[in-house]
Amino acid sequence: MPTPSTSRPPRHRLLTAALTTVALLATVAVSACGGSADAGEGGSKLRIGYQRFGGLSLVKARGAAPDVEWSLFESGPALTEALKAGSVDIGQVGEAPPVFAAAGKIPFSIIGTSAPIPQGEAVLVKADRGYRTFADLKGKTVALNKGSNVHWLLVQLLKANNMTLKDIQVKYLKPAEGRPAFDGGQVDAWVIWDPYFALAEQPGVQVLADATGLASNREYVLAAPGAVDKRSDEIRAFLQRYREVTDWGIAHPDERASTLAPELKIPQDVTTRALARSARPLAPVTPAIGDELQAITDSFIALELIPGPVDLRSRVDDRFSAVFQ
């Protein structure tokens, strides 16, 4: 057995390297997935945009949909930009990206969702800073990815603590930028989602708050209107496989983690911890889901974070809901 060496890199450096690898892979995939709005028609493969930790990543890792083309994205806003460019037919995002995408006039339909995942996003702080509640961050710098699911969590936390955006200094950073800024003390708090959340859970890091009681943090399945209209049978078949793989993963958590860890390129114990709180069953879109998204949209408009009016309810398309029943 080899003896310990002082040259071995600390665990936090290994995990930071893993996070950087995730971001670099996402960047490569985004740069490679260009195409026209008609690229998904005429007998070509259905083009799926996924995030490395979302439910779709398990479908890819298991090879359950060999007849589709995969493109990796670091965040939901990047994926919705690919929808705008006509580079993907289906994609999976959190609850705020559809709001910002609709405000940006990006065409898409919302065809599926998940059960709530409030424990899958959180506000992280350094334990030695002495912060005990979110209100303690008044006047401090808070980092997050603009337009992502955690943007809505921030809005809700501010409201719950009788604060406004003027009470904190918001710094918009992508996940690969947020981690080093947080580790280096350049920001006081980092609002982030799994698996970046789980990667950052190191000694000395405190979870100040998660989304419990504040935000549903659902996953949403978005589809390009042209694909929905012209490739509905293919989409239905893909969603059926997605549902089956998701159900399998929930029923087999150990195998799910061992399957996903190599895909995520992060340690299996980190994968297991993140999945334990963030993997939830898929669910059909309903009028209530439309109402939930519209309430989020109206709040962002009221805060002048997006221009209005924006009608999210009209984006909900329930034609595939039977798959998720």
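Preceding this section is the structure that the text describes.
Now for a look at the structure at hand. (Residues numbered from 1 in each chain as written. Predicted model: local features only at pLDDT ≥ 70, side-chain atom pairs only at ≥ 80, totals over all residues. Heavy atoms only, no water.)

1. Concerning the layout of surface pockets
Moving on, step 1. Taken as a whole, the largest pocket holds about 220 Å³ of empty space.
Moving on, step 2. In terms of lining, the largest pocket is formed by Trp152, Val155, Gln156, Leu158, Lys159, Met163, Thr164, Leu165, Lys166, Ser299, Ala302 and Leu303.
Moving on, step 3. Breaking the lining of the largest pocket down by element, the ones donating at least two residues are helix 5 (149-160) and helix 12 (287-302).
Moving on, step 4. At 5 residues, the largest contribution of residues to the lining of the largest pocket is made by helix 5.
Moving on, step 5. Taken together, the residues of the lining of the largest pocket break down into 7 nonpolar, 3 polar and 2 charged. (1 Å grid on protein atoms, 1.4 Å probe; cavity = no way out; pocket = protein on both sides within 12 Å on 5 of 7 lines; lining within 4 Å. Points joined across faces, edges and corners; volume = space filled by probe spheres on them. Helix = DSSP H or I, 4+ residues; strand = E, 2+ residues; numbered from the N terminus. Nonpolar A, V, L, I, M, F, W, Y, C, P; charged D, E, K, R; others polar.)

2. A closer look at unusual backbone geometry
What you tend to see is this: most non-glycine residues have negative phi, and most peptide bonds are trans.
Moving on, step 1. Proline 195 follows aspartate 194 through a cis peptide bond whose omega is 10°.
Moving on, step 2. Assignment of secondary structure puts proline 195 in the loop between strand 8 (189-193) and helix 7 (196-200).
Moving on, step 3. Following glycine 308, the chain continues into proline 309 via a peptide bond in cis, with omega recorded as -5°.
Moving on, step 4. Despite not being glycine, lysine 105 shows a phi value in the positive range, around 65°.
Moving on, step 5. Among the secondary structure elements, lysine 105 is positioned in the loop between helix 4 (97-103) and strand 4 (109-114).
Moving on, step 6. Judged by its relative accessible area of 65%, lysine 105 is exposed.
Moving on, step 7. The backbone of glutamate 304 shows a phi angle near 60°, a positive value even though the residue is not glycine.
Moving on, step 8. For glutamate 304, the position within the fold is in the segment after helix 12. (Buried < 20%, exposed > 50% of the residue type's maximum accessible area, 1.4 Å probe, protein only.)

3. Focus on the packing of helix 9 (residues 232-251) against helix 10 (residues 253-264)
When two helices pack together, their arrangement is captured by the angle between the axes and the distance separating the axes.
Moving on, step 1. With their axes 5 Å apart at the nearest point, helix 9 and helix 10 run at an angle of 115° to one another. Classed by the angle they form, the pair helix 9 and helix 10 counts as roughly perpendicular. Along the contact surface, helix 9 presents Trp248, Gly249, Ile250 and Ala251, while helix 10 presents Pro253, Glu255, Arg256 and Thr259.
Moving on, step 2. Residue composition of the contact of helix 9 with helix 10, by class: 4 nonpolar, 2 polar and 2 charged. (Axes fitted to C-alpha atoms, helices over the stretch in contact; angles between N-to-C directions. Parallel < 35°, antiparallel > 145°, perpendicular 65-115°, else oblique. Contact = heavy atoms within 4.5 Å.)

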